[in-house]
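Fold and geometry: a report
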Amino acid sequence: MNANESELHYPLGESVPATGATVELAPGVRWLQMPLPFALDHINLWLLRDRQDGVDGWTIVDCGITNDATRAAWEQVFAERLEGLPVLRVIVTHMHPDHIGLAHWLTDRWNCRLWISATDYNAARIASHSTTGFGGERSAAFFASHGLTDPAAVAKVRARSNYYAGMVPRVPDAYRRLMDGMTLDIGGHAWRCIAGHGHAPEHIALHAPRLNLLISGDMVLPRISTNVSVYDLEPESDPLALFLTSLKRFDSLAADTLVLPSHGKPFTGLHARTRQLHEHHAERLADVAAACAAEPRHAADLLPVLFKRKLDLHQTTFAMGESIAHLHALWHAGKLQRRAGDDGIWRFSAA
Ligand SMILES: [Zn+2]
């Protein structure tokens, strides 16, 4: 447990559901986990008891990535944990591979609809057909323009051209649109959609006031700070400002809301956690501003400033996106200016 986590409370203790098993969090609300082949080795998914068009069944929230292990775990859940009832719909919080990966298989398997924001649906379709934003030549050129010129790192980014499509080979052909402020009736309970930006294009969290539950997706995680990155598809974007503004949408929720995050364990302490995230980024922004005040700096220069631990090549590529996000937040706020050098690299200095 890190220092920040000591401000949070894990009411379910240390127990997590084994792959293929579920834990009941409230009547008709079940928690399950699927393995991920990354340092972040699991994703939490949710089953909500539902009734659609007169048929009893389940709503799934988020899917896991496309691979045989995840499909096998789902089959075990279907056989043992659905009380013989069908899956009626698949809700996806956002377009990242661990969330939408198996949506195509789940919706085919149960002949049901995918529910997702329009922006993330379309972003997922584009990404599953291309290398945009997640590796390949354009990513390599983009990171190089921010100072990542180490040949091994550039080669690694360039080679990762199948990163997204490998985990999301297909996206369902049709979907139902989720929008901020919509209320879904899921099994007689009202779940309100809360859009969030900066982590994914249009992430949807789900809040059920009467159950006192928030499915926070990746917007609020208990242990790690949510990845907020600039990608080559939108090279001048300011995702950190979007993310920090989006977090304020959770301020009005009850302080004792049980938060169901996509990674880590269900927790209470929502307001403490969003405050920690604001503080974390305020500190990083101050560090970046100070470094750029001393001399013009590019994003790769700032990796040791932002990340105290040693990064491997894989982590470096994610860290670059985060470093650019911090520079862009200060640039868009008018605190830094940027200039491209003769080497084509953007350097930022005090405005
Ligand atoms: Zn995500």
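Given the structure is predicted, the values throughout are model-derived calculations rather than measurements. All residue numbers refer to position in the chain's written sequence, counted from 1. In keeping with the model being predicted, local features are shown solely for residues with a pLDDT of at least 70 and side-chain atom pairs are shown and tallied solely at 80 or more, while totals for entire chains, interfaces and linings include all residues. Think of the side-chain values as coming from all heavy atoms in the structure, minus any hydrogens and water.

1. Some points on the environment of valine 154
Rule in force here: Helix and strand assignments come from DSSP, with helices taken as H or I runs of at least 4 residues and strands as E runs of at least 2, each series counted from the N terminus. Categorising residues by exposure relies on relative accessible area from a 1.4 Å probe, with only protein chains included: less than 20% of the type maximum marks a residue as buried, more than 50% marks it as exposed, and the intermediate range marks it as partly exposed. The contact rule is simple, with two residues in contact once any of their heavy atoms fall within 4.5 Å.
With respect to the secondary-structure elements, valine 154 resides in helix α6 (residues 151-159). Residue valine 154 is classed as buried on the basis of its relative accessible area, which comes to 13%. Spatially, the C-alpha atoms of valine 154 and glycine 135 are 9.9 Å apart, while their sequence positions differ by 19 residues. Sequence-distant contacts of valine 154, defined by excluding residues within four places in its chain, comprise Ala140, Leu148 and Thr149.

2. So, the sheet that holds strand β11 (residues 213-217)
Heads up, the rule is: Note on pairing: DSSP must find at least two bridges between two strands before they are called paired. As a rule, the C-alpha atoms of each element are fitted with a line to give its axis, helices using only the stretch in contact, and angles between N-to-C directions run from 0 to 180 degrees.
With mixed pairing, the 5 strands of this open sheet are ordered in space as β8-β9-β10-β11-β12. Of all the strands in the sheet, just β8 (183-186) and β12 (258-261) have a single pairing partner and so form its edges. Here the strands of the sheet are splayed against their neighbours by 25° on average, with no regard to which way each runs. Bridge count between strand β9 (residues 189-196) and strand β10 (residues 203-208): 5 bridges; the pairing is antiparallel. Across the sheet, arginine 192 pairs through a bridge with histidine 207, a residue of β10.

3. Overview of the coordination of the zinc ion
The condition is simple: Atoms of type N, O and S within 2.8 Å of a metal are treated as its donors, and for Na, K and Ca the window is 3.2 Å; water is not considered, so some sites may appear to be missing partners. Angular criteria define each label, namely tetrahedral for four donors with all angles between 85 and 135 degrees, square planar for four and octahedral for six donors with opposite donors over 155 degrees apart and remaining angles between 65 and 115, and irregular for whatever fails these tests.
The coordination sphere of the zinc ion contains the protein donors His94 (NE2), His96 (ND1), His199 (NE2) and Asp218 (OD), at a distance range of 2.1 to 2.2 Å. Considering all 4 donor atoms around the zinc ion, the spread of angles at the metal, 91 to 173°, places the coordination shape in the irregular class. For the zinc ion, the single-chain donor residues occur in sequence as H-x1-H-x102-H-x18-D. Placement of histidine 94 in the loop between β5 (87-91) and α2 (97-100) and of histidine 199 in the loop between β9 and β10 is noted, with a sequence separation of 105 residues between them. Residue histidine 199 is classed as buried on the basis of its relative accessible area, which comes to 8%.

4. Thoughts on the nonpolar core
Note the threshold: Here, nonpolar core means buried Ala, Val, Leu, Ile, Met, Phe, Trp, Tyr and Cys residues that are tied together by side-chain atoms lying within 4.5 Å of each other.
Grouped together as the largest cluster of nonpolar side chains are 47 residues, with contacts concentrated most on Leu214, Phe250, Met320 and Leu327. When sequence neighbours within four positions are dropped, the list of residues in contact with leucine 327 reads Val288, Cys292, His298, Ala299, Leu302, Leu336 and Phe348. Core analysis: the second largest hydrophobic core is formed by 36 residues, Ile65, Val90, Ala103 and Trp105 among them.

Geometry only, nothing functional implied.
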